[in-house]
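# Examining the three-dimensional arrangement
One letter stands for each residue in the lines below.
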Amino acid sequence: MSRTKYFTTWFVIVSILLSAFTGKVAGQEIVRDISLNEAIAAALNNNKDIHLARIDQNIAAINFKKTTAIFLPQVSLSYTGIRTNDPLNAFGFKLEQRTITQNDFNPALLNNPNATSDYMTKLEVQQPLVNIDMLYQRMGAKKQTEAYQYKTQRTKEYLTFEVQKAYLQLQLAYDALKVLEEALQTAKSVYAFTDNHFKQGLIQKSDLLNAKVHITSVESSQAKAQSGIKNASDYLSLLMGQPSGTIYKPHGELQAQPAALDSGRYIYPGRSDFMAIQKAIEASDLMIKSSQMSYLPRLNAFGNYQYNDSRITGFGANSYFFGVQLSWNIFTGNKTKNAIAMQKSKRDKLVTQLAQQKEQSQTDLDKAYRDLSDARFEIQQGKEAVEQATESLRILQNRYNQGLVNTTDVLMAETQLSQLKFSLAQAQFSSNVTMAYIQFLTSTTNK
């Protein structure tokens, strides 16, 4: 590989990395400073995933409220108008209206009655008394509401992590732009010096062309970096539930925190997503118990009060009745038995899912700590390398000004310095993202 290709390769790599921030910015661009806390607060208030999680939580709460029906009476009011010449019903209507006379027992009228009308107003009441299976269903519904509360909490925690990562990506894009701006300034300085010496006939034209190519490569990468900032801003806007088009600028620079590694860290069993599954398991246990209790008899009360009259607006005769019913579904064709078997299988699936998720999370945590250790080592090495590369470039520039080295050597040194600076920024980005991920993995919910 020629030296010219070498010092342009790095800027091609930078361009490819920055192009990962895909997307387009439409409309008027507005530049706005934003802090990480402001971004997180906006996301928690406006993000659509949070809204959906809260809707699911509200649905679960409403389903729980529906179960209060096992304590409250059911009341219905009806008004019915009937006209018939059916012997049995015609006599019954008159009996309910309390209008039976001696003449109504005439066999001819009993067998061939005239058309008879009955207008009935009825108030019916049904009162649950003892329904053990419904009590367990209510307790299961309560557990479901708690599960969705934990799901909403986990959604907030994940969204917070996503905002932190997006914010760090935005910071990395600005760091890349800063590195390229410094590289462009150096490249232009080298080009100006080279152009002056070329006009004096002190260097060859190839050196001047190399300096010009280097400027073009840096400017191209700089344009990619600016697009990367816009695209990172768009993604941050999406997380915050804001329209795209605003260019965000982070407050200050995020550096790797010097906190010591704790190899004894572990996944907390009280993490919100674990608790959501645990509550779902408890709800499943209660639903299984409810199905088992359906084998027991039920005790309910009932009663009604009604008016009967031959006139459409009449309320001539009234009556009532009430009672208590003990009912028992002795055999339902194995329907209940199979329902219990299915519920137990679903419960076992949740238990296995919870165990698997805990194991996977612990594996992810162990890997995250190793990644953090690697990133911090890279930061330490990167800082030393940047200092050395900076001094090397300074020495080469001095020697170049004295005519002791050629243009390519200076450009290669400048490219190397830019590469090391960007690698350092990437290491700091990786360190901060990994720490945010560790915080996400080790979060716990105390309710």
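Keep in mind the model is a prediction, meaning the values are calculated, not measured.

## Thoughts on the overall build of the chain
When helices and strands are tallied, the chain shows ten helices and six strands. Counting across all 447 residues of the chain, residues that qualify as buried make up 39%. The contacts in the chain between residues at least 6 apart in sequence include a share of 84% that link residues at least 24 apart.

## Overview of a nonpolar patch on the surface
Side chains of Val75, Leu77, Leu123, Val125, Tyr305, Tyr320 and Phe322 sit close together on the surface and give an oily, nonpolar patch of about 750 Å² of accessible area. Mapped onto the fold, valine 125 is located in strand S3 (residues 116-130). Under the relative-accessibility criterion, valine 125 is labelled partly exposed at 31%.

## Examining the nonpolar core
The biggest cluster of nonpolar side chains holds 23 residues, and the ones touching the most others in it are Val163, Leu170, Ile229, Leu236 and Met240. Listed by contribution, the elements that provide at least two residues to this core are helix H2 (36-46), helix H6 (132-199), helix H7 (205-240) and strand S4 (246-250). Per element, the largest residue contribution to this core is nine residues, and it comes from H6. Setting aside anything within four residues of it in sequence, one finds methionine 240 in contact with Ile34, Ala39, Ala42, Ala43, Asn46 and Tyr248. Ala368, Leu372, Ile438 and Leu441 belong to the second-largest nonpolar core, a separate cluster that totals 17 residues.

## Observations concerning the environment of phenylalanine 274
Residue position: phenylalanine 274 is located in helix H8 (residues 272-293). A residue is classified by how much of its surface remains accessible, and phenylalanine 274, at 1% relative accessible area, is buried. A sequence separation of 170 residues divides phenylalanine 274 from threonine 444, and the C-alpha atoms of the two residues are 9.5 Å apart. Setting aside residues up to four positions removed in sequence, phenylalanine 274 forms contacts with Ile267, Tyr268, Pro269, Leu354, Gln357, Lys358 and Ser361.

## Some words on the side chain of asparagine 47
With respect to the helices, strands and loops of the structure, asparagine 47 is situated in the loop between H2 and helix H3 (48-66). Judged by relative accessible area, asparagine 47 falls into the buried class, the value being 6%. When residues no more than four places from it in sequence are discounted, the contact partners of asparagine 47 are Ala42, Leu159, Leu238 and Leu239.

## Notes on helix H4 (residues 87-97)
Every α-helix carries 3.6 residues per turn, so stepping three or four residues along brings you back to the same face. Of the positions making up H4, those classed as buried are Ala90, Phe93 and Gln97. Angularly, the buried residues of H4 cover 60 degrees about the axis, an arc narrow enough to put them on a single face. Opposite its buried face, H4 presents the exposed residues Leu88 and Leu95, each directed more than 90 degrees away. Its buried side turned inward, H4 meets strand S2 (74-84), S3, strand S5 (298-309) and strand S6 (317-327). Two residues or fewer after H4 comes arginine 98, characterised by a positive phi angle close to 60 degrees.

## A short note on the pairing of S5
Here S3 pairs with S5 via eleven bridges, running antiparallel. The residue of S5 that forms the bridge with threonine 121 is tyrosine 307. In the sheet, S5 pairs with S6 via eleven bridges, with the strands oriented antiparallel. Along S6, the bridge assignment pairs tyrosine 305 with tyrosine 320.

## A look at the pattern of salt bridges
Under the definition given, this model contains 15 salt bridges. For aspartate 104, the salt bridge is made with lysine 94, and the minimal N-O distance between the two is 3.1 Å. In this pair, aspartate 104 is assigned in the loop between H4 and helix H5 (107-111) and lysine 94 in helix H4, connecting sequence segments ten residues apart. Exposure remark for aspartate 104: the relative accessible area of 10% places this residue in the buried category. Take lysine 94: its relative accessible area is 27%, and that puts it in the partly exposed class.

## A closer look at the sheet that holds S3
Read from one edge of the open sheet, four strands run S2-S3-S5-S6, paired in antiparallel fashion. Looking at which strands have only one partner, the edges of the open sheet turn out to be S2 and S6. When the angles between neighbouring strand axes are averaged without regard to direction, this sheet yields 20 degrees. Sheet strands in contact with H4 are S2, S3, S5 and S6, and its direction is about 70 degrees off that of S3.

Each value, and the rule that gives it
Residues numbered from 1 in each chain as written. Predicted model: local features only at pLDDT ≥ 70, side-chain atom pairs only at ≥ 80, totals over all residues. Heavy atoms only, no water. Helix = DSSP H or I, 4+ residues; strand = E, 2+ residues; numbered from the N terminus. Buried < 20%, exposed > 50% of the residue type's maximum accessible area, 1.4 Å probe, protein only. Contact = heavy atoms within 4.5 Å. Patch = residues over 30% accessible without salt bridge, like charges linked within 9 Å, V, L, I, M, F, W, Y side chains within 5 Å. Areas by Shrake-Rupley, 256 points an atom, 1.4 Å probe, with all protein chains shown as cover. Salt bridge = Lys/Arg side-chain N within 4 Å of Asp/Glu carboxyl O. Core = buried A, V, L, I, M, F, W, Y, C linked by side-chain atoms within 4.5 Å. Arc of directions from axis to C-beta. Pairing = 2+ DSSP bridges. Axes fitted to C-alpha atoms, helices over the stretch in contact; angles between N-to-C directions.

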